[in-house]
Amino acid sequence: MPEQVDQLIHAEWIIPVVPENLVYTNHTLVVNRGRIAAILPTEQVASQYQSTQETNLPGHALIPGLINTHTHAAMALLRGLADDMPLMTWLNEHIWPAEAKWVSEEFIHDGSQMAIAEMLLGGTTCFNDMYFFPDITGRVANSAGIRAVLGLIAIDFPSAWASDGDDYLHKGLQVHDQFRTNPIIHTAFAPHAPYSVGNGILERIRILADELEIPIHMHVHETHDEIVQGLQHHDTRPLARLNELELLSPALAAVHMTHLEGDEIELFAASGGHVVHCPESNLKLASGFCPVAELMEAGINVALGTDGAASNNDLDMFSEMRSAALLAKGVANNASTLPAAKALSMATINGARALGLQQETGSLEPGKSADIVAVDLNRINTLPTYHPISQLVYAAGREQVTHVWVAGRPVVSAGSLTTLDTQQLLARTDEWRERIFASDVDS
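Only a predicted model underlies this, so the values are computations on that prediction, with no experimental measurement involved. (Residues numbered from 1 in each chain as written. Predicted model: local features only at pLDDT ≥ 70, side-chain atom pairs only at ≥ 80, totals over all residues. Heavy atoms only, no water.)

1. Digging into helix H6 (residues 199-212)
Note the cut-off: Every helix listed is a DSSP run of H or I at least four residues long, and every strand listed is a run of E at least two residues long, numbered separately from the N terminus. Helix span, expected: 1.5 Å multiplied by one less than the number of residues in the helix. Relative accessibility decides the category of a residue: with a 1.4 Å probe and only protein chains considered, values under 20% of the type maximum give buried, values over 50% give exposed, and everything between is partly exposed. Contacts between residues were defined by any pair of non-hydrogen atoms, one from each residue, lying within 4.5 Å.
Between the first and last C-alpha of H6 there are 20 Å, a value that for 14 residues agrees with the 20 Å anticipated at 1.5 Å per step. When we look at burial in H6, the residues that qualify are Ile201, Leu202, Ile205, Arg206, Leu208 and Ala209. Residues of H6 that are buried sit in contact with strand E9 (147-154), helix H5 (165-179), strand E10 (185-191), strand E11 (216-220) and helix H8 (238-244). Phi turns positive one or two residues past the end of H6, at Glu213, with a value near 55 degrees.

2. Re the environment of Gly80
Inspection of the secondary structure puts Gly80 in the loop between strand E7 (66-71) and helix H2 (87-102). Gly80 sits in the partly exposed class, given a relative accessible area of 39%. Separated by 320 residues in the primary sequence, Gly80 and Gln400 place their C-alpha atoms 25 Å from one another.

3. Examining the confidence of the model for the protein chain
Put simply, the rule reads: Confidence of the predictor at the level of single residues is captured by pLDDT, which takes values from 0 to 100.
For the protein chain, mean pLDDT is 96; residues scoring 70 or higher make up 99% of the total. When mean pLDDT is compared element by element in the protein chain, strand E15 (residues 372-376) scores highest at 99, while helix H16 (residues 422-442) scores lowest at 86.

4. Comments concerning unusual backbone geometry
Between Asn312 and the following residue, Asn313, the backbone shows a cis peptide bond with an omega angle of 20 degrees. Here Asn313 is to be found in the loop between strand E14 (301-304) and helix H12 (317-332). Omega for the bond connecting Leu383 with Pro384 falls within 30 degrees of zero, at -5 degrees, which places this linkage in the cis form. Note on placement: Pro384 falls in the loop between E15 and helix H15 (388-394). The backbone of Asn333 shows a phi angle near 55 degrees, a positive value even though the residue is not glycine. According to the relative accessible area criterion, Asn333 is exposed, its value standing at 72%. In this structure, Leu338 takes a positive phi of about 45 degrees despite not being glycine. As for its position among the elements, Leu338 is in the loop between H12 and helix H13 (340-346). For Leu338, a relative accessible area of 5% gives the class buried.

5. Quick word on helix H3 (residues 105-121)
Across its 17 residues, H3 extends 24 Å between first and last C-alpha, which sits within 8% of the 24 Å expected from 1.5 Å per residue. For H3, the buried fraction is high: 13 of the 17 residues fall into the buried class.

6. As for the nonpolar core
Spelled out, the test is: Think of a nonpolar core as a cluster: buried Ala, Val, Leu, Ile, Met, Phe, Trp, Tyr and Cys residues, connected wherever their side-chain atoms sit within 4.5 Å.
Grouped together as the largest cluster of nonpolar side chains are 127 residues, with contacts concentrated most on Leu78, Trp90, Phe107, Ile116, Phe189, Phe268 and Phe318. Examining the composition of this core, we find that eight residues originate from one element, H3, more than from any other. Aside from chain neighbours lying at most four places away, what touches Phe189 is Leu152, Leu169, Leu173, Ile205, Leu208, Ala209, Leu212, Ile214, Pro215, Ile216 and His217. Grouped together as the second largest cluster of nonpolar side chains are 14 residues, Leu29, Val31, Leu57 and Leu62 included.

7. Things to note about the sheet that holds strand E2 (residues 7-14)
Spelled out, the test is: Criterion used throughout: strands pair if DSSP finds at least two bridges between them.
Read across the sheet, eight strands follow the order E4-E3-E2-E6-E15-E16-E17-E18 without closing on themselves; strand pairing throughout is mixed. One side of each edge strand has no neighbouring strand; the edge strands of this open sheet are strand E4 (35-41) and strand E18 (416-417). In terms of strand pairing, E2 meets strand E6 (residues 54-64) through six bridges, oriented parallel. Each residue of the ladder has a partner; that of Ile14, found in E6, is Leu62.

8. Some thoughts on the packing of H5 against H6
What counts, and what does not: Each axis is a line fitted through C-alpha atoms, taken for helices only over the stretch in contact, and angles between the N-to-C directions span 0 to 180 degrees. Oblique is the label for every angle not falling under 35 degrees (roughly parallel), over 145 degrees (roughly antiparallel), or within 65 to 115 degrees (roughly perpendicular). Should the near helix be turned anticlockwise from the far one by less than a right angle, the crossing is termed left-handed; should it be turned clockwise, right-handed. Ten residue types, Ala, Val, Leu, Ile, Met, Phe, Trp, Tyr, Cys and Pro, are classed as nonpolar, four, Asp, Glu, Lys and Arg, as charged, and the remainder, Gly among them, as polar.
Contact geometry for H5 and H6: axes closest at 11 Å, N-to-C directions at 15 degrees. Classified by the angle their axes make, H5 and H6 are roughly parallel. The crossing of H5 and H6 is right-handed. When H5 is examined against H6, the residues Gly165, Asp166, Leu169, Leu173 and His176 are found in contact with a partner set consisting of Ile201, Arg204, Ile205, Leu208 and Leu212. Its residues assigned to classes, the contact of H5 with H6 shows six nonpolar, two polar and two charged.

This is the structure we're talking about:
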């Protein structure tokens with residue numbers, strides 16, 4: 001008698017990511033109680049499993065849900081507000097003033113909804129966030145059904161969220177307690193950057209992260225200016241300072257890492273820390289080039305993120321995979337550097353490892369959460385399909401995502417959101433545009 005299960009998803013290709021570069025042809029993914037129960041040839045399914053929910057996806061590839069390992073989700077409302085300028089000018093003259101005026105619970109709610117809608121439609125099932133009012137982002141993410149790691153932000157200046165370092169940590173711990181039993185909402189400490197967080201707070205974060213066993217998510221060595229500031233104010237480069245504070249460890253997800261010397265790569269590799277590469281944001285802000293090939297050769301786990309939509313200007317992980325692969329080849333002057341399968345791993349299992357979620361998500365393996373994305377490769381721009389993984393990375397676009405499941409729950413079906421009201425989102429975002437743009441023009 002066949003076993004009754006919740007869902008059977010039949011696809012032309014299933015790409016589990018672990019093992020890397022493996023492709024199953026004409027297989028079925030079996031889902032039960034929100035988890036992957038099995039992957040087997042479609043011709044064998046009927047004799048072993050049956051379900052009232054069957055999805056047939058000819059011409060589609062099933063991949064693990066993409067993991068956007070660095071975002072500032074609510075900044076989707078600041079997309080395109082200030083472009084074509086270096087990071088510190090962009091921050092000091094436009095973004096920080098806009099945030100001081102507009103950031104509120106309402107702003108975070110609406111901005112997070114917009115970002116989550118964009119990410120889900122593009123096949124992202126998990127994002128690692130760093131922004132104010134993480135409790136609001138957590139509620140929105142939970143309602144929308146997307147997996148999220150909420151950054152418990154800390155920064156030396158006051159904001160609408162918190163008044164000082166102690167307040168940031170106090171409120172962050174409250175957010176952690178609020179979501180600590182939630183199966184899809186997780187937390188990580190998120191000190192903003194070495195130049196914006198003092199030693200005292202960083203030391204406390206290290207102790208608390210060890211006690212709570214959660215990651216630390218931080219911008220590190222993003223720009224040359226950051227290095228100069230570190231030398232001026234601390235007489236050392238930022239990475240060396242973090243090492244002195246004992247923050248370099250397997251718990252650290254260091255974002256950007258574009259300005260590194262050889263001994264710093266060796267130091268970081270020995271620490272077991274992770275790097276989050278944001279190629280398109282780094283290119284747009286001219287922040288520098290992350291030496292991805294050298295990091296990987298040193299054994300460092302490198303994940304992939306978009307950064308915020310205000311500096312990218314999208315949350316498109318398909319585009320990010322392609323950019324990461326092409327940029328790495330150009331920087332290394334080697335066409336075999338960062339092949340397609342490696343880029344897909346960066347966008348999936350490597351992100352899960354950086355967030356400590358590799359036992360839960362990041363690959364299509366029995367026992368893991370059913371975080372699944374279906375991509376239609378039967379399109380003009382991805383035909384003929386000789387190698388599905390190469391087509392996904394070098395030719396496919398996020399508009400080819402047709403179905404998305406998180407923990408077995410359908411959140412995108414036939415290209416449409418199932419948990420968010422698109423028309424309401426568009427209307428709210430247009431209201432924000434009018435308010436913010438008028439203010440920016442007046443200033």
